[in-house]
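Commentary on secondary and tertiary structure
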Amino acid sequence: ASGEKATATFTGTAGQRISLRAWGSSMHSPTLSIKKPGGTVIYGPKTVGINGVFVEPVTLPVNGTYSIVLDPPLTYHGSMNHTTSITANRTTMPS
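Each chain carries its own residue numbering, running from 1 in the written order of its sequence. Thresholds applied to this predicted model are a pLDDT of at least 70 for local features of residues and 80 or more for the giving and counting of side-chain atom pairs; totals over whole chains, interfaces and linings are not thresholded and use all residues. The basis for every side-chain value is the complete set of non-hydrogen atoms in the structure, without hydrogens or water.

**Describing the sheet that holds strand β3 (residues 31-35)**
Just so we agree on the cut-off: Any two strands between which DSSP finds at least two bridges are classified as paired. Every helix listed is a DSSP run of H or I at least four residues long, and every strand listed is a run of E at least two residues long, numbered separately from the N terminus. A fitted line through C-alpha atoms represents every axis, and for helices the fit uses only the stretch in contact; the resulting angles, taken between N-to-C directions, go from 0 to 180 degrees.
Reading across the sheet, the 4 strands line up as β1-β6-β3-β4 and stay open at both edges, with antiparallel pairing between neighbours. Each of the sheet's edge strands pairs with one partner strand only, and the pair in question is β1 (6-12) and β4 (41-47). Across the sheet, the mean angle separating the axes of adjacent strands is 15° when strand polarity is ignored. Where β3 meets strand β6 (residues 64-71), 5 bridges bridge the pair, whose relative direction is antiparallel. From the neighbouring strand, Ser 33 faces β6, where its bridge partner is Val 69.

Now the structure itself:
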C-alpha cells in the first residue's frame, strides 16, 4: 500500500559481512536501511537514486534476525530489485 515500508529479513551471525546492491526502483528516491535485531540501524538510511546503490560490506555485530528496510517517500509505492551477499568472517587466509 502507498507509503508503507517493505522489509526483508535474514538470519545473521556476529562477524558475518553483508553487502547489498539495489537498483531499478520505480519509486522516487526511496531510502534503504539495514537494522540489527532490536531495530537499531547499522547502515543507512541511504537514498536509492536513479543509478541504484551499492552497500559496501557491513560486519554484523550480533547473532539474530536482521532487516533490510526500503522506505518510500510520502505515499509513493512501487518496486525495486536487490541482491544480497552474506559471507562468513574469515580470520585466517586459506593455505
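Anyway, onward from the coordinates.
**Considerations on the environment of Pro 73**
As a reminder of what qualifies: Accessible area is worked out with a 1.4 Å probe on protein chains only. A residue is then buried under 20% of its type maximum, exposed over 50%, and partly exposed in between. The criterion used for residue contact is that any of the two residues' heavy atoms lie within 4.5 Å.
Inspection of the secondary structure puts Pro 73 in the loop between β6 and β7 (81-87). The exposure class of Pro 73 is partly exposed, given its relative accessible area of 22%. Residues Pro 73 and Glu 4, spaced 69 residues apart in sequence, show a C-alpha to C-alpha distance of 9.3 Å. Those residues in contact with Pro 73 that sit more than four places away from it in its chain are His 28, Ser 29 and Pro 30.

**A short note on the pairing of β3**
Pairing geometry for β3 and β4, over 4 bridges, is antiparallel. Bridged to Lys 35 within β4 is Val 41. The turn joining β3 and β4, which pair antiparallel and follow one another in sequence, is formed by 5 residues; a positive phi near 95° is taken by Gly 38.

Everything listed here is a matter of coordinates, which is why it stays silent on function.
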